[in-house]
Amino acid sequence: MKRHFLATLILLAALSPALAVEAGAPKPFERGSWQELLHAHAGHPTLVHFWGVTCGPCKVELPQLGQFMKDHPDIDVVTISADLVPNLPDATRSMLDKAGLASAENWIFGDGFAERLRFEIDPAWQGDIPRTMLIARDGTITTIEGSAELADLKKWSEAQAATIR
Amino acid sequence: MTSRKTAARIVLATILLGALPDFACAQMSHQHASEAACEDTVVRCASKVTPAFATDGTLWLTWMAGGQISVASSKDRGKSFSAAVQVTRDRLNLDWGPDARPKLAIDAKGDIALAFSIFRDQAFNGQVLTTRSTDGGRSFDPPKPITANNESQRFEAIGFDPAGAVFAVWLDKRNRVPAQQRGEKYDGAGLFFATSKDGGATYSDAQLVADNTCECCRLALAFDGAGHPVVVFRNIFEGGVRDHAIVTFTDLGTPGEVHRVSRDDWQIAACPHHGPSLTISREGTYHVTWYTNGKARKGLFYARSRDGGKTFSDPLPVGQPNRSPSRPQIIAGPQGLAMVWKEFDGEKTSINLMTSRDDGASWSKPAVIADTSDSSDHPLLVTDGRQAYLSWMTKADGYHFQAIEGEP
């Protein structure tokens, strides 16, 4: 019995790194998540990037965003995988890891009723990705449709740095 | 004995712990995350359903459910259906993109050609598979690739021409590799086509219609009065502008000149996931609906061409701009034109209808003909030559097949 208990403990210890990685999986983005996210980042310049694992232009942009995050630790970087069908957390995470975005705040659409999720974010958004929303310290949102130009992101983050009191 | 028991317990513990995250995901998908109501292969669990009428008035459906493609038919215009026949057997990663769906076409003899896309690998490269039935839909050949080329393909459209040949058109990334080898940037995908003279058993070599078109929107296919294929697609024009274009074939193997449908000026390096719809009326008029978010206009639009797609009327806005209008479909039925699209009010998705009895010169006021309060497929239109019908799969309320009643 004692041996059994010990073995289970060893097993749990061996499994814990795997469980820890699991804990870093993208969070499900559901009804109300958008307001939660805005609230959590209120007062901090935040870049929210919408993308998806099957989107060609996203594959090109994602590593650029990883580099941007590395170069701009003062900006909160949030990614939201907004492909219509979820259940692909593994593929999503693998692409985020490769792009250097594993430590960003990562979400994945977790509601099959994607129209409603998009409507909460921006009623005019029909689901085209990539899409980037730049949320300034004062809450002003600038939306970039399609792939963002790195130069524009840098310009925006510099402007944000200048607003620090 | 004791030690063996311990080992067995450890194995069990490992299985349980290992299974936990997956189990949690599976539970979640049942409740919210899936577009489908359930995970079986029956139509009730489908995320995408596509209808087509045979010339004898039989309604055929093909759908995607439980990771498989199935078909069933109805002799009473959708009131009751035959037992489902599963087309696929292997566990395939079916293309679940918003604008992807299985398609079928039925020839005058009742033979069925069917096509769909799968994700072939971990990088989500697509592959178009085709199959056919020569026994009235009782069985299907094992699905096989439409082309030997192995670069990514998606968004196929198929139809029988009046002579009984299958025409297939799709988006294909094969020209990316040579462009990159030359050190050139390659945008989008090529619009390719092939034909089959044996009902879809074998297809001709793929041929290019236009290169560097938008890679992630469904194509619209119709046949003109002479039986020539006409294809509307989201092109990439100069400067990365993803506006719509149209091509009319001069015969089954020869694409004509590509013309522009409208100048919306939507410059975007993104996947709009939102393709056009095309129908050709008895008068020979081309009717097109589409979505754009361009500098010139934003939303859903309709335009018609009375010169075989060379020039189009001024785009007519469709739907209420504050209701996120999307997924437009248009069909020329025996009583005139019908156009449907989705709107969303923050809680419910509604299907809106407009009709025209003067070949698109004027349109009725929009009317809501169906709604649902969870996820739903695109609304589709189909006609048996006597009546037009709405085909719409919803997660909460199941499959709708309803007659379009003249002018609302």
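These numbers were taken from a predicted model, which means no experiment stands behind them. (Residues numbered from 1 in each chain as written. Chains lettered and ligands numbered in written order. Predicted model: local features only at pLDDT ≥ 70, side-chain atom pairs only at ≥ 80, totals over all residues.)

1. A look at the overall build of chain B
Next, step 1: Within chain B, the secondary structure is distributed over two helices and 27 strands.
Next, step 2: Seen along its three principal axes, the alpha-carbon backbone of chain B occupies a region of about 85 × 55 × 45 Å.
Next, step 3: By the burial criterion, 50% of the 408 residues in chain B qualify as buried. (Helix = DSSP H or I, 4+ residues; strand = E, 2+ residues; numbered from the N terminus. Buried ≥ 20, exposed ≤ 12 C-beta atoms within 10 Å, placed from the backbone.)

2. Considering the overall build of chain A
Next, step 1: Per the secondary structure count, chain A includes six helices and six strands.
Next, step 2: If you list the helices and strands of chain A from N to C, you get α-β-α-β-α-β-α-β-α-β-β-α.
Next, step 3: Looking at chain A residue by residue over its 165 residues, the buried ones come to 41%.
Next, step 4: Relative to all contacts within chain A whose residues are 6 or more apart in sequence, the contacts with residues 24 or more apart total 77%. (Contact = placed C-beta atoms within 7 Å.)

3. Let's talk about the sheet that holds strand 6 (residues 112–119) of chain B
All names here are of chain B.
Next, step 1: Taken in spatial order, the four strands of this open sheet run 5-6-7-8, and their pairing is antiparallel. Of all strands in the sheet, those with a lone pairing partner are strand 5 (103–106) and strand 8 (144–145), marking the two edges.
Next, step 2: As judged from the eight bridges shared by strand 6 and strand 7 (residues 126–133), these two strands associate in the antiparallel manner. The residue of strand 7 that forms the bridge with Phe116 is Leu129. (Pairing = 2+ DSSP bridges.)

4. Structural notes on the confidence of the model for chain B
All names here are of chain B.
Next, step 1: A residue-level look at chain B finds 91% of positions with pLDDT of 70 or above and a mean pLDDT of 91.
Next, step 2: Low pLDDT (under 50) marks residues 1–31, which in the prediction has 19 contacts with non-local residues, meaning those over four places away or in another chain.
Next, step 3: Prediction confidence for the complex, expressed as pTM and ipTM, is 0.87 and 0.78 respectively. (pLDDT = per-residue confidence, 0-100.)

5. Some thoughts on the sheet that holds strand 12 (residues 207–213) of chain B
Residue and element names in this part refer to chain B.
Next, step 1: Strand order in the open sheet formed by four strands is 9-10-11-12, and the pairing between neighbours is antiparallel. If you trace the sheet from one side to the other, it starts and ends with strand 9 (153–160) and strand 12, each paired once. Each strand axis lies, on average, 20° off the axis of its neighbour in the sheet, ignoring direction. (Axes fitted to C-alpha atoms, helices over the stretch in contact; angles between N-to-C directions.)

6. What about the confidence of the model for chain A?
Next, step 1: Counting all residues, the mean pLDDT for chain A is 85, and 82% of those residues have values of 70 or more.
Next, step 2: The low-confidence segment residues 5–22 of chain A (pLDDT under 50) makes nine contacts with residues lying over four places distant or belonging to another chain.

7. Quick notes on the nonpolar core
Residue and element names in this part refer to chain B.
Next, step 1: One finds Trp60, Leu104, Ala168, Val169, Val231, Ala338 and Met339 to be the most contacted residues of the largest nonpolar core, which totals 138 residues.
Next, step 2: Among the elements that make up this core, the one with the highest residue count is strand 6 (seven residues).
Next, step 3: Ignoring sequence-local partners within four residues, the contact set of Val231 consists of Val169, Leu219, Ala220, Leu221 and Val247. (Core = buried A, V, L, I, M, F, W, Y, C linked by C-beta atoms within 7 Å.)

8. Notes on helix 4 (residues 89–98) of chain A
Residues and elements named next belong to chain A.
Next, step 1: All buried positions along helix 4 are accounted for by Thr92, Arg93, Met95 and Leu96. Buried residues in helix 4, looked at end-on, bunch into an arc of 165°, giving them a common side.
Next, step 2: Tucked into the core, helix 4 has its buried residues touching helix 3 (56–71), strand 3 (76–81) and strand 4 (105–109).
Next, step 3: Downstream of helix 4 by a residue or two, Gly100 has a phi angle that is positive, lying close to 75°. (Arc of directions from axis to C-beta.)

9. Overview of the pairing of strand 3 of chain A
All names here are of chain A.
Next, step 1: With five of its six residues buried, strand 3 lies for the most part within the structure.
Next, step 2: Strand direction decides the pairing type here: strand 2 (residues 46–51) and strand 3, joined by six bridges, are parallel. Among the inter-strand pairings, Phe50 is bridged to a residue of strand 3, identified as Ile80.
Next, step 3: After leaving strand 2, the chain enters helix 3 and then returns to the sheet as strand 3, a path that is right-handed.
Next, step 4: Sheet topology places strand 3 next to strand 4; four bridges connect them, and they run parallel. The residue bridging Ser81 from the neighbouring strand is Ile108, located in strand 4. (Right-handed = clockwise from strand over helix to strand, strands pointing away.)

10. Observations concerning the pairing of strand 3 (residues 68–74) of chain B
All names here are of chain B.
Next, step 1: Where strand 2 (residues 59–65) meets strand 3, seven bridges bridge the pair, whose relative direction is antiparallel. Each bridged residue has a counterpart across the sheet, and for Trp60 the counterpart in strand 3 is Ser73.
Next, step 2: Taking the residues that link successive antiparallel strands as the turn, the strand 2-strand 3 hairpin has two residues, and the phi of Gly66 there is positive, at about 55°.
Next, step 3: With two bridges connecting them, strand 3 and strand 4 (residues 85–86) associate as antiparallel partners. Note that in strand 4 the partner of Val71 across the bridge is Val85.

11. A few points about the environment of Val258 of chain B
Residue and element names in this part refer to chain B.
Next, step 1: In this fold, Val258 is placed in strand 16 (residues 254–260).
Next, step 2: Judged by the 17 C-beta atoms lying within 10 Å of it, Val258 falls in the partly exposed class.
Next, step 3: For the pair Val258 and Gly309, spaced 51 residues apart in sequence, the C-alpha to C-alpha distance is 8.9 Å.
Next, step 4: If we skip the residues at most four places from it in the chain, Val258 touches Ala210, Ala245 and Val247.

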